[in-house]
Amino acid sequence: DGGITQSPKYLFRKEGQNVTLSCEQNLNHDAMYWYRQDPGQGLRLIYYSQIVNDFQKGDIAEGYSVSREKKESFPLTVTSAQKNPTAFYLCASTPGQTGNTIYFGEGSWLTVV
Amino acid sequence: GQSLEQPSEVTAVEGAIVQINCTYQTSGFYGLSWYQQHDGGAPTFLSYNALDGLEETGRFSSFLSRSDSYGYLLLQELQMKDSASYFCAVRSYTYNQGGKLIFGQGTELSVKP
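The rules behind each value
- Residues numbered from 1 in each chain as written.
- Chains lettered and ligands numbered in written order.
- Predicted model: local features only at pLDDT ≥ 70, side-chain atom pairs only at ≥ 80, totals over all residues.
- Heavy atoms only, no water.
- Buried < 20%, exposed > 50% of the residue type's maximum accessible area, 1.4 Å probe, protein only.
- Helix = DSSP H or I, 4+ residues; strand = E, 2+ residues; numbered from the N terminus.
- Pairing = 2+ DSSP bridges.
- 1 Å grid on protein atoms, 1.4 Å probe; cavity = no way out; pocket = protein on both sides within 12 Å on 5 of 7 lines; lining within 4 Å.
- Points joined across faces, edges and corners; volume = space filled by probe spheres on them.
- Nonpolar A, V, L, I, M, F, W, Y, C, P; charged D, E, K, R; others polar.
- Core = buried A, V, L, I, M, F, W, Y, C linked by side-chain atoms within 4.5 Å.
- Contact = heavy atoms within 4.5 Å.
- Buried area = accessible area lost by both parts, 1.4 Å probe.
- Salt bridge = Lys/Arg side-chain N within 4 Å of Asp/Glu carboxyl O.
- Polar contact = N/O pair within 3.5 Å; in protein donor to acceptor, adjacent residues only side chain to side chain.

1. A short note on the pairing of strand E4 (residues 29–37) of chain B
All names here are of chain B.
Item 1. Within E4, eight of the nine residues are buried, which leaves the element mostly enclosed by the surrounding structure.
Item 2. Examined bridge by bridge, E4 and strand E5 (residues 44–49) share five bridges and lie antiparallel to one another. Residue Gln-36 lies in a different strand from E5, and its bridge partner there is Thr-44.
Item 3. Joining the antiparallel neighbours E4 and E5 is a turn of six residues, in which Gly-40 adopts a positive phi near 80°.

What follows is the structure in structure tokens.
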């Protein structure tokens, strides 16, 4: 079945470590996104990519990095520069620049210990 | 900048009708969409308005007025399972933010017996 797969579902990070969250989609979608959600809050855009080998910063890109080497993959690295990384991270994709239905992965919970 | 405003929470009883409003400030967008998110889960697509007017999908309807920069989600015959957070979202087509997806802060709906 087509969809978006995020891994791991739960991740614990020690302070000062970088961690990478995986996001893979087999929907043949052009655009992919990373959002951060804090408890009881909305979704804030970290990075997005409209096409392979290109991506743009969202509203809260500091302390994060991404790559888009393949159409189906958009990994997010949470670096040690991100001072408060504990949150729920959601990866999403849409068919193209005008597609408005967003498909989400199941999310990844990151906790700093 | 671009922003969407929603009420933070709404309470209603089973069988009732509830309306969740969304006002927005954005220079250009393709349309307004709505998502539902249960605790700990990923958002799921509910409805999309590309044009002004009412779109109906079962118990859920959504409305858009571009001239008023306003939209709403209408939920009828409320059920306990409708207790969740609801987000409005727009997709920008501005030159420097093409394809950027922006979400409101979400409205937490509590359905009481």
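2. Here's the deal with the layout of surface pockets
Item 1. Estimates place the volume of the largest pocket at around 450 Å³.
Item 2. Lining the largest pocket are 26 residues, and of these A:Gln37, A:Gly40, A:Gln41, B:Asp39 and B:Ser85 lie nearest its centre.
Item 3. Of all the secondary-structure elements, those providing two or more residues to the lining of the largest pocket are strand E9 (84–92) and strand E11 (107–112) of chain B.
Item 4. Split into classes, the residues belonging to the lining of the largest pocket amount to seven nonpolar, 15 polar and four charged.

3. What to know about the nonpolar core
Item 1. B:Leu4, B:Leu32, B:Trp34, B:Leu75, B:Tyr86 and B:Leu109 are the most contacted members of the largest nonpolar core, which has 23 residues in total.
Item 2. Elements with a contribution of two residues or more to this core: strand E2 (9–13), strand E3 (18–25), E4, strand E7 (60–65), strand E8 (70–75), E9 and E11 of chain B.
Item 3. What B:Leu4 contacts, discounting residues up to four positions off in sequence, is B:Cys22, B:Thr23, B:Tyr24, B:Leu32, B:Cys88, B:Ala89, B:Val90, B:Ile102, B:Phe103, B:Gly104 and B:Gln105.
Item 4. Counting residues in each nonpolar core, the second largest holds 19 residues, with A:Val19, A:Cys23, A:Ile46 and A:Phe74 among its members.

4. A closer look at the interface of chain A and chain B
Item 1. Between chain A and chain B, the contact holds 26 residues from the first and 23 residues from the second.
Item 2. Together chain A and chain B conceal approximately 1900 Å² of surface at their shared face, both sides included; 52% is due to carbon and sulfur atoms.
Item 3. Summed over the shared surface of chain A and chain B, the number is zero salt bridges.
Item 4. The tally of links between chain A and chain B comes to three residue pairs in polar contact (both at pLDDT 80 or more).

5. So, the side chain of B:Arg59
Residues and elements named next belong to chain B.
Item 1. Among the secondary structure elements, Arg-59 is positioned in the loop between strand E6 (53–57) and E7.
Item 2. Within the structure, Arg-59 has its side chain in polar contact with the side chain of Asp-82 (distance 2.8 Å).
Item 3. For Arg-59, the contacting residues outside a window of four places in its chain are Leu-74, Leu-75, Gln-76, Glu-77, Leu-78, Gln-79, Lys-81 and Asp-82.

6. A short note on the environment of B:Tyr72
All names here are of chain B.
Item 1. Structurally, the position occupied by Tyr-72 is in strand E8.
Item 2. Exposure remark for Tyr-72: the relative accessible area of 16% places this residue in the buried category.
Item 3. A C-alpha to C-alpha distance of 5.4 Å links Tyr-72 and Ile-20, two positions 52 residues apart in sequence.
Item 4. Ignoring any residue separated from it by four or fewer positions in sequence, one finds Tyr-72 in contact with Gln-19, Ile-20, Asn-21, Trp-34, Leu-54, Ser-61, Ser-62 and Phe-63.

So yeah, pure geometry; function would need other evidence.
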